[in-house]
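So you can see what is in the structure, the chains are spelled out below.
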Amino acid sequence: MNRLLCTLTLGAMAAMAAIAAAGQDVPPADPEMSVNDLMITLITPATNTLWGIEDPQTAEDWQVFIDAADLVIDAGRTIKVGGTGPKDTDWAADPAWQAFADALIGAGRDARQAAMDQDIEAMYTAGEVLYPPCEECHLQFHPGVREQ
Ligand code: HEC
(Lines give C-alpha, C1' and ligand atoms only; values in the text may rest on other atoms or scores of the structure.)
Protein backbone atom coordinates (compact mmCIF):
# COMPACT_ATOMS: atom_id res chain seq x y z
CA MET A 1 0.00 0.00 0.00
CA ASN A 2 1.50 3.36 -0.90
CA ARG A 3 1.78 6.11 1.60
CA LEU A 4 -1.10 8.24 0.29
CA LEU A 5 -3.48 5.32 0.17
CA CYS A 6 -2.40 4.31 3.64
CA THR A 7 -3.11 7.82 4.94
CA LEU A 8 -6.48 7.84 3.21
CA THR A 9 -7.37 4.47 4.67
CA LEU A 10 -6.40 5.56 8.17
CA GLY A 11 -8.41 8.74 7.66
CA ALA A 12 -11.43 6.73 6.57
CA MET A 13 -11.05 4.43 9.55
CA ALA A 14 -10.88 7.41 11.90
CA ALA A 15 -14.00 8.85 10.28
CA MET A 16 -15.81 5.54 10.67
CA ALA A 17 -14.76 5.34 14.31
CA ALA A 18 -16.08 8.88 14.82
CA ILE A 19 -19.37 7.92 13.16
CA ALA A 20 -19.58 4.78 15.30
CA ALA A 21 -18.94 6.84 18.45
CA ALA A 22 -21.51 9.43 17.42
CA GLY A 23 -23.82 6.54 16.61
CA GLN A 24 -24.28 5.95 20.33
CA ASP A 25 -26.31 9.12 20.29
CA VAL A 26 -28.63 8.00 17.50
CA PRO A 27 -32.26 8.34 18.58
CA PRO A 28 -34.83 5.54 18.42
CA ALA A 29 -35.36 4.87 14.73
CA ASP A 30 -39.08 4.44 14.32
CA PRO A 31 -41.37 6.59 16.46
CA GLU A 32 -45.03 5.54 16.63
CA MET A 33 -46.31 8.93 17.78
CA SER A 34 -46.66 12.24 16.01
CA VAL A 35 -44.51 15.21 16.98
CA ASN A 36 -47.73 16.91 18.13
CA ASP A 37 -48.62 14.00 20.45
CA LEU A 38 -45.08 13.98 21.85
CA MET A 39 -45.39 17.71 22.54
CA ILE A 40 -48.69 17.31 24.38
CA THR A 41 -48.24 14.02 26.24
CA LEU A 42 -44.51 14.04 27.04
CA ILE A 43 -42.75 17.36 26.51
CA THR A 44 -45.38 19.63 28.06
CA PRO A 45 -45.94 17.71 31.33
CA ALA A 46 -42.22 16.95 31.75
CA THR A 47 -41.18 20.56 31.20
CA ASN A 48 -43.99 21.81 33.48
CA THR A 49 -42.49 19.60 36.18
CA LEU A 50 -39.02 21.05 35.57
CA TRP A 51 -40.32 24.62 35.48
CA GLY A 52 -42.47 24.12 38.57
CA ILE A 53 -39.60 23.22 40.86
CA GLU A 54 -40.18 24.18 44.52
CA ASP A 55 -37.73 23.37 47.26
CA PRO A 56 -37.14 19.64 46.79
CA GLN A 57 -35.82 17.98 49.97
CA THR A 58 -35.51 14.23 49.72
CA ALA A 59 -33.86 12.01 47.13
CA GLU A 60 -37.40 11.03 46.04
CA ASP A 61 -38.25 14.69 45.47
CA TRP A 62 -35.18 15.08 43.26
CA GLN A 63 -35.90 11.83 41.44
CA VAL A 64 -39.09 13.40 40.07
CA PHE A 65 -36.92 15.97 38.27
CA ILE A 66 -34.42 13.38 37.07
CA ASP A 67 -37.33 11.41 35.57
CA ALA A 68 -38.84 14.52 33.97
CA ALA A 69 -35.45 15.47 32.48
CA ASP A 70 -35.09 11.95 31.08
CA LEU A 71 -38.47 12.32 29.37
CA VAL A 72 -37.42 15.63 27.82
CA ILE A 73 -34.15 14.11 26.58
CA ASP A 74 -35.85 11.06 25.05
CA ALA A 75 -38.70 13.07 23.55
CA GLY A 76 -36.07 15.39 22.04
CA ARG A 77 -34.21 12.44 20.58
CA THR A 78 -37.45 11.15 19.14
CA ILE A 79 -38.45 14.40 17.45
CA LYS A 80 -35.03 14.40 15.77
CA VAL A 81 -36.31 11.37 13.85
CA GLY A 82 -39.75 12.86 13.26
CA GLY A 83 -42.96 10.97 13.93
CA THR A 84 -46.24 9.86 12.39
CA GLY A 85 -47.63 13.35 11.71
CA PRO A 86 -48.01 14.42 8.06
CA LYS A 87 -45.17 16.97 8.18
CA ASP A 88 -42.97 15.29 10.78
CA THR A 89 -40.49 13.70 8.37
CA ASP A 90 -40.01 16.94 6.42
CA TRP A 91 -39.49 18.87 9.65
CA ALA A 92 -36.91 16.37 10.88
CA ALA A 93 -34.97 16.74 7.61
CA ASP A 94 -34.43 20.45 8.28
CA PRO A 95 -31.10 21.37 9.94
CA ALA A 96 -32.82 24.12 11.94
CA TRP A 97 -35.20 21.52 13.39
CA GLN A 98 -32.25 19.36 14.39
CA ALA A 99 -30.58 22.35 16.05
CA PHE A 100 -33.71 23.23 18.07
CA ALA A 101 -34.13 19.60 19.09
CA ASP A 102 -30.45 19.45 20.12
CA ALA A 103 -30.93 22.60 22.22
CA LEU A 104 -33.90 20.93 23.91
CA ILE A 105 -31.88 17.78 24.59
CA GLY A 106 -28.93 19.81 25.90
CA ALA A 107 -31.17 21.70 28.33
CA GLY A 108 -32.72 18.38 29.40
CA ARG A 109 -29.25 17.01 30.11
CA ASP A 110 -28.35 20.14 32.12
CA ALA A 111 -31.56 19.69 34.13
CA ARG A 112 -30.79 16.02 34.70
CA GLN A 113 -27.28 16.83 35.95
CA ALA A 114 -28.60 19.60 38.20
CA ALA A 115 -31.17 17.21 39.70
CA MET A 116 -28.50 14.53 40.20
CA ASP A 117 -26.36 17.13 41.97
CA GLN A 118 -29.42 18.38 43.93
CA ASP A 119 -28.40 21.88 42.82
CA ILE A 120 -31.43 24.17 42.81
CA GLU A 121 -29.65 27.12 41.18
CA ALA A 122 -28.47 24.91 38.32
CA MET A 123 -32.06 23.65 37.98
CA TYR A 124 -33.32 27.20 37.51
CA THR A 125 -30.58 27.89 34.96
CA ALA A 126 -31.43 24.72 33.04
CA GLY A 127 -35.10 25.76 33.08
CA GLU A 128 -34.18 29.08 31.50
CA VAL A 129 -32.14 27.35 28.80
CA LEU A 130 -35.05 24.98 28.16
CA TYR A 131 -37.52 27.63 27.10
CA PRO A 132 -35.99 29.37 24.02
CA PRO A 133 -35.92 26.21 21.83
CA CYS A 134 -39.68 25.77 22.39
CA GLU A 135 -40.44 29.31 21.33
CA GLU A 136 -37.97 29.49 18.46
CA CYS A 137 -38.93 26.13 16.99
CA HIS A 138 -42.64 26.95 17.20
CA LEU A 139 -42.06 30.29 15.47
CA GLN A 140 -40.33 28.54 12.60
CA PHE A 141 -42.23 25.25 12.30
CA HIS A 142 -45.48 25.19 14.26
CA PRO A 143 -48.19 25.96 11.70
CA GLY A 144 -50.64 27.16 14.39
CA VAL A 145 -48.12 29.64 15.74
CA ARG A 146 -46.88 30.74 12.29
CA GLU A 147 -50.40 31.57 11.10
CA GLN A 148 -51.31 33.66 14.14
C1 HEC B 1 -37.79 21.05 17.19
C2 HEC B 1 -38.96 21.86 17.21
C3 HEC B 1 -39.77 22.01 18.46
C4 HEC B 1 -39.33 22.17 19.75
C5 HEC B 1 -37.89 22.26 20.25
C6 HEC B 1 -40.50 22.26 20.57
N7 HEC B 1 -41.64 22.15 19.81
FE8 HEC B 1 -43.54 22.08 20.53
N9 HEC B 1 -44.23 21.85 18.62
C10 HEC B 1 -43.46 21.83 17.48
C11 HEC B 1 -44.31 21.69 16.31
C12 HEC B 1 -43.85 21.63 14.87
C13 HEC B 1 -45.63 21.62 16.79
C14 HEC B 1 -46.92 21.49 15.95
C15 HEC B 1 -47.07 20.06 15.52
C16 HEC B 1 -48.23 19.85 14.59
O17 HEC B 1 -49.06 20.75 14.45
O18 HEC B 1 -48.29 18.75 14.01
C19 HEC B 1 -45.54 21.73 18.24
C20 HEC B 1 -46.64 21.69 19.10
C21 HEC B 1 -46.58 21.84 20.45
C22 HEC B 1 -47.73 21.80 21.32
C23 HEC B 1 -49.14 21.48 20.85
C24 HEC B 1 -50.14 22.47 21.21
C25 HEC B 1 -50.01 23.73 20.44
O26 HEC B 1 -49.37 24.67 20.93
O27 HEC B 1 -50.52 23.79 19.35
C28 HEC B 1 -47.28 22.02 22.59
C29 HEC B 1 -48.11 22.10 23.87
C30 HEC B 1 -45.84 22.22 22.52
N31 HEC B 1 -45.45 22.08 21.20
C32 HEC B 1 -45.03 22.48 23.60
C33 HEC B 1 -43.64 22.59 23.53
C34 HEC B 1 -42.79 22.93 24.65
C35 HEC B 1 -43.27 23.22 26.05
C36 HEC B 1 -41.51 22.90 24.17
C37 HEC B 1 -40.21 23.17 24.90
C38 HEC B 1 -39.99 22.54 26.15
C39 HEC B 1 -41.57 22.56 22.76
N40 HEC B 1 -42.88 22.42 22.41
C41 HEC B 1 -40.46 22.46 21.95
C42 HEC B 1 -42.08 21.90 17.42
C43 HEC B 1 -41.23 22.02 18.51
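Definitions and cut-offs
- Residues numbered from 1 in each chain as written.
- Predicted model: local features only at pLDDT ≥ 70, side-chain atom pairs only at ≥ 80, totals over all residues.
- Near = placed C-beta within 6 Å.
- Helix = DSSP H or I, 4+ residues; strand = E, 2+ residues; numbered from the N terminus.
- Nonpolar A, V, L, I, M, F, W, Y, C, P; charged D, E, K, R; others polar.
- Expected span 1.5 Å × (residues − 1).
- Buried ≥ 20, exposed ≤ 12 C-beta atoms within 10 Å, placed from the backbone.
- Arc of directions from axis to C-beta.
- Contact = placed C-beta atoms within 7 Å.
- Axes fitted to C-alpha atoms, helices over the stretch in contact; angles between N-to-C directions.
- Parallel < 35°, antiparallel > 145°, perpendicular 65-115°, else oblique.
- Left-handed = near helix turned anticlockwise from the far one by under 90°.

**Looking at the site of the ligand**
Next, step 1: As a matter of local geometry, the ligand sits amid 23 residues, with N36, M39, F100, C134 and C137 nearest to it.
Next, step 2: Listed by contribution, the elements that provide at least two residues to the shell around the ligand are α2 (35–51), α5 (95–116), α6 (120–141) and α7 (143–146).
Next, step 3: A class-by-class count of the residues in the shell around the ligand yields 16 nonpolar, 7 polar and no charged.

**Re the environment of Q140**
Next, step 1: Topologically, Q140 is positioned in helix α6.
Next, step 2: When the C-alpha atoms of Q140 and W97 are compared, they prove to be 8.7 Å apart, with 43 residues separating the residues in sequence.

**Some words on α6**
Next, step 1: Here α6 contains 22 residues, and its C-alpha end-to-end distance of 32 Å stays within 8% of the 32 Å for a straight helix at 1.5 Å per residue.
Next, step 2: Considered for burial, the residues of α6 that qualify are M123, A126, L130 and C137. Each buried residue of α6 lies within a common arc of 65° when the element is viewed along its axis, so the set occupies one face. Turned more than 90 degrees off the buried face of α6, the exposed positions are E121, E128, E135 and L139.
Next, step 3: Close packing links the buried residues of α6 with α2, α3 (59–81) and α5.

**What to know about the environment of Q113**
Next, step 1: In this structure, Q113 sits in helix α5.
Next, step 2: Between the C-alpha atom of Q113 and that of M123, which follows or precedes it by 10 residues, the distance is 8.6 Å.

**Re the packing of α3 against α5**
Next, step 1: Where α3 contacts α5, the axes come no closer than 8 Å and their chain directions differ by 165°. In terms of axis orientation, α3 runs roughly antiparallel to α5. Crossing handedness for the pair α3 and α5: left-handed. Packed against α3, whose contacting residues are W62, F65, I66, A69, D70, V72, I73, G76, R77, I79 and K80, the element α5 presents Q98, A101, L104, I105, G108, R109, A111, R112, A115 and M116 at the interface.
Next, step 2: Residues that form the contact of α3 with α5 fall into these classes: 13 nonpolar, 3 polar and 5 charged.

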